[in-house]
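Chain residues, written in single-letter form:
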Amino acid sequence: MNDISTASPVLEFKHFAALSDEQAEAHIIEARARLAQRAVLLCHHYQRESIYRHADLTGDSLKLARLAAQTDAEFIVFCGVRFMAEVADILSRPQQIVILPDLAAGCSMADMADLEKVEQCWIELTDMLGTPDARITPVTYINSAADLKAFCGEHGGVVCTSTNAPAIIDWALKQREKVLFFPDQHLGRWTGYKKGIPLDQMAVWDPDLENGGLTKKEIEHARILLWKGYCSVHQMFQVEHIRNWRTQHPDGFVISHPECNLDVCLESNYVGSTEFIINTVTAAPPGTRWLVGTELNLVSRLAEQLKAQNKIIKFMAPTVCMCSTMQRIDPQHLAWALENLANGNAVNPIRVPTHDAELARAALTRMLETS
Ligand code: 13P
Ligand code: SF4
């Protein structure tokens, strides 16, 4: 397993950077043939087409987490962003190696909460409420660093994804009277709203202000404290885009990701994860028309795939909004990572420190058992 005794010298990325996409693709195909079953390529739906076509398995965050936990492959090559690769490392076996082809593939929303700020928030809540461990369940969206998942594991909390957030919020509110939800305020608000929690009982916690910018009374009144984070891609979608489109296409359907703001979600016919969006539009009757509020690579691919069924699928925003960090995984980085792997060198391995991994696994396991 993972024998590197016969490894050749590590190939530097600079030799791959100048390759055209076609040349890089030839390297990808050749390296994959050499690796055969030793490597599995997991791919998120936001990946560009020149990567997606090489995937062994695709999915949303929840499905990819489950797939990573199930695979027997020695190497999990993750075409997605860092938090997803970290989850794969935490849920896979210790001897398996997870590779992220470009370490710069992060998530700007995940970066909006860090351990220092969340611990400061917990201290301030302790001052305001007494023992937060007795009164608040911390819930982190899977789009977060491993040490925040570990924080949740340590404090009786849990992880959620865009698919299972309603079930997780139910679970969390059964454990304790309140939830601290980070980092995406929009997913938290939409989920709370769907659960029937009044908007005035969902207060926004601003980590850059003392006590989150809230009074003790506001905190006592809140059932869900929403961290002031958001996705820069999904914040581009606005309710006016939907209303303008509906005036021209009153029979059309609107489908959005729950990282969109509440008004967009309320105005949509369907709201759900990337996998849900793909499945719903794919299963719809031929000839239907759709406005889709999620990342452009996914929407363009879906439009192309379903053209043959006469489905007309349009991207919600008038401006281009791709996820720039998902875009970091390009054929050149994938070729570099795979060729090194085939030569016996695991470049860009993702290794979550053991202590964090154990605590984060507890929070992820609670999620997988609850959803
Ligand atoms: P999904 O889990 O729905 O794929 O969402 C991940 C994500 O980052 C959406 O922006
Ligand atoms: Fe993060 Fe938004 Fe990109 Fe999803 S689309 S990975 S939430 S920045």
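In this report, the structure presented in the accompanying data block is examined. (Residues numbered from 1 in each chain as written. Chains lettered and ligands numbered in written order. Predicted model: local features only at pLDDT ≥ 70, side-chain atom pairs only at ≥ 80, totals over all residues. Heavy atoms only, no water.)

**Remarks on the packing of helix 2 (residues 21-35) against helix 16 (residues 331-342)**
Inference 1: Two elements in contact, helix 2 and helix 16, have axes whose closest approach is 8 Å; the angle formed by their N-to-C orientations is 30°. It follows that helix 2 is roughly parallel to helix 16 by the angle criterion. Crossing hand, helix 2 versus helix 16: left-handed. Of the residues in helix 16, those touching helix 2 at Asp 21, Ala 24, His 27, Ile 28, Glu 30, Ala 31, Arg 32, Arg 34 and Leu 35 are Pro 331, Gln 332, Leu 334, Ala 335, Leu 338, Glu 339, Leu 341 and Ala 342. (Axes fitted to C-alpha atoms, helices over the stretch in contact; angles between N-to-C directions. Helix = DSSP H or I, 4+ residues; strand = E, 2+ residues; numbered from the N terminus. Parallel < 35°, antiparallel > 145°, perpendicular 65-115°, else oblique. Left-handed = near helix turned anticlockwise from the far one by under 90°. Contact = heavy atoms within 4.5 Å.)

**Looking at the packing of aromatic side chains**
Inference 1: Under the counting rule described, the total for this entry stands at seven aromatic pairs.
Inference 2: Residues Phe 237 and Phe 315 carry aromatic rings whose centres are separated by 5.5 Å and whose planes lie at 80° to one another, so their mutual orientation is edge-to-face. In this pair, Phe 237 is assigned in the loop between strand 9 (224-227) and helix 12 (239-248) and Phe 315 in strand 13 (residues 312-315), connecting sequence segments 78 residues apart. Each member of the pair, Phe 237 as well as Phe 315, carries the same accessibility label: buried.
Inference 3: Here the aromatic cluster, defined as three or more aromatic residues joined through ring pairs, consists of Phe 253, Tyr 270 and Trp 290. (Phe/Tyr/Trp six-rings, centres within 6.5 Å; stacked < 30°, edge-to-face > 60°. Buried < 20%, exposed > 50% of the residue type's maximum accessible area, 1.4 Å probe, protein only.)

**Some points on the site of ligand 1**
Inference 1: In the vicinity of ligand 1, the contacting residues are His 44, Tyr 46, Asp 60, Ser 61, Asn 143, Ser 162, His 234, His 257, Glu 259, Ser 273 and Thr 274.
Inference 2: The side chain of Ser 162 places a nitrogen or oxygen atom 2.8 Å from an oxygen atom of ligand 1.
Inference 3: Side-chain polar atom of His 257 to an oxygen atom of ligand 1: 2.8 Å apart, as the coordinates give it.
Inference 4: When isolated, ligand 1 has an accessible area of 300 Å², and the protein chains bury 96% of it.
Inference 5: Across the shell around ligand 1, the residue classes tally to one nonpolar, eight polar and two charged. (Near = heavy atom within 4 Å. Polar contact = N/O pair within 3.5 Å; in protein donor to acceptor, adjacent residues only side chain to side chain. Areas by Shrake-Rupley, 256 points an atom, 1.4 Å probe, with all protein chains shown as cover. Nonpolar A, V, L, I, M, F, W, Y, C, P; charged D, E, K, R; others polar.)

**A word on a negative patch on the surface**
Inference 1: Together, Asp 111, Asp 114, Glu 116, Glu 119, Asp 133 and Glu 154 make up a region of like negative charge exposed at the surface.
Inference 2: Note on placement: Asp 111 falls in the loop between strand 4 (97-99) and helix 6 (115-129). (Patch = residues over 30% accessible without salt bridge, like charges linked within 9 Å, V, L, I, M, F, W, Y side chains within 5 Å. Salt bridge = Lys/Arg side-chain N within 4 Å of Asp/Glu carboxyl O. Lys, Arg positive; Asp, Glu negative; His and termini not counted. Charge placed at Lys NZ, Arg CZ, Asp CG, Glu CD.)

**With respect to a nonpolar patch on the surface**
Inference 1: A cluster of nonpolar side chains, contributed by Tyr 193, Leu 199 and Leu 266, occupies part of the molecular surface with about 270 Å² of accessible area.
Inference 2: Relative to the assigned elements, Tyr 193 resides in helix 10 (residues 185-194).
Inference 3: Tyr 193 gets classed as partly exposed once you look at its relative accessible area, which sits at 36%.

**What to know about the site of ligand 2**
Inference 1: In the vicinity of ligand 2, the contacting residues are Tyr 46, Cys 107, Ser 108, Met 109, Asn 143, Cys 231, Val 233, Glu 259 and Cys 323.
Inference 2: In terms of residue class, the shell around ligand 2 is made up of six nonpolar, two polar and one charged.

**Focus on the pairing of strand 12 (residues 289-293)**
Working note: regular strand, side chains alternate between the two faces of the sheet.
Inference 1: For strand 12, the tally of buried residues reaches four of five residues, placing the bulk of the element in the interior.
Inference 2: Viewed along the sheet, the connection from strand 12 through helix 15 (residues 296-306) into strand 13 turns out right-handed. (Right-handed = clockwise from strand over helix to strand, strands pointing away.)

**Description of the environment of Thr 58**
Inference 1: Looking at where Thr 58 falls in the secondary structure, it is placed in strand 2 (residues 57-59).
Inference 2: Overall, Thr 58 belongs to the partly exposed group, its relative accessible area being 23%.
Inference 3: Residues Thr 58 and Glu 119, 61 residues apart in the sequence, show an inter-C-alpha distance of 34 Å.
Inference 4: With sequence-adjacent residues up to four places away left out, Thr 58 is seen in contact with Cys 43, His 45, Tyr 52, Lys 63, Leu 64 and Leu 67.

**Quick look at the sheet that holds strand 11 (residues 270-271)**
Within a sheet, neighbouring strands are paired by backbone hydrogen bonds and run either parallel or antiparallel to one another.
Inference 1: The strand order 11-10-12-13 describes an open sheet built from four strands, whose pairing is parallel. The sheet is open, and its two borders are formed by strand 11 and strand 13, each paired with just one other strand.
Inference 2: Both strand 12 and strand 13 contribute to a ladder of four bridges, which runs parallel. Counted as the bridge partner of Trp 290 is Ile 313 from strand 13.
Inference 3: The strands touched by helix 12 are strand 10 (253-256), strand 12 and strand 13; relative to strand 12, the strand with the most contacts, the crossing angle is about 170°. (Pairing = 2+ DSSP bridges.)

**With respect to the sheet that holds strand 9**
Inference 1: Here we have five strands laid out as an open sheet, ordered 6-5-7-9-8, and parallel in their pairing. Only two strands of the sheet have a single neighbouring strand rather than two, namely strand 6 (158-160) and strand 8 (202-205). Neighbour to neighbour, the strand axes of the sheet diverge by 25° on average, direction disregarded.
Inference 2: With respect to the sheet, helix 8 (residues 146-154) is in contact with strand 5 (136-141), strand 6 and strand 7 (178-182), its orientation differing from that of strand 5 by roughly 155°.

**What to know about unusual backbone geometry**
Inference 1: For the peptide bond that leads from Phe 182 to Pro 183, omega is -5°, which places it in the cis range.
Inference 2: If you trace the backbone, Pro 183 turns up in the loop between strand 7 and helix 10.
Inference 3: Phi angles above zero are rare outside glycine, and Ala 36 is one such case at about 45°.
Inference 4: Along the chain, Ala 36 falls in the loop between helix 2 and strand 1 (39-44).
Inference 5: We classify Ala 36 as partly exposed; its relative accessible area is 44%.

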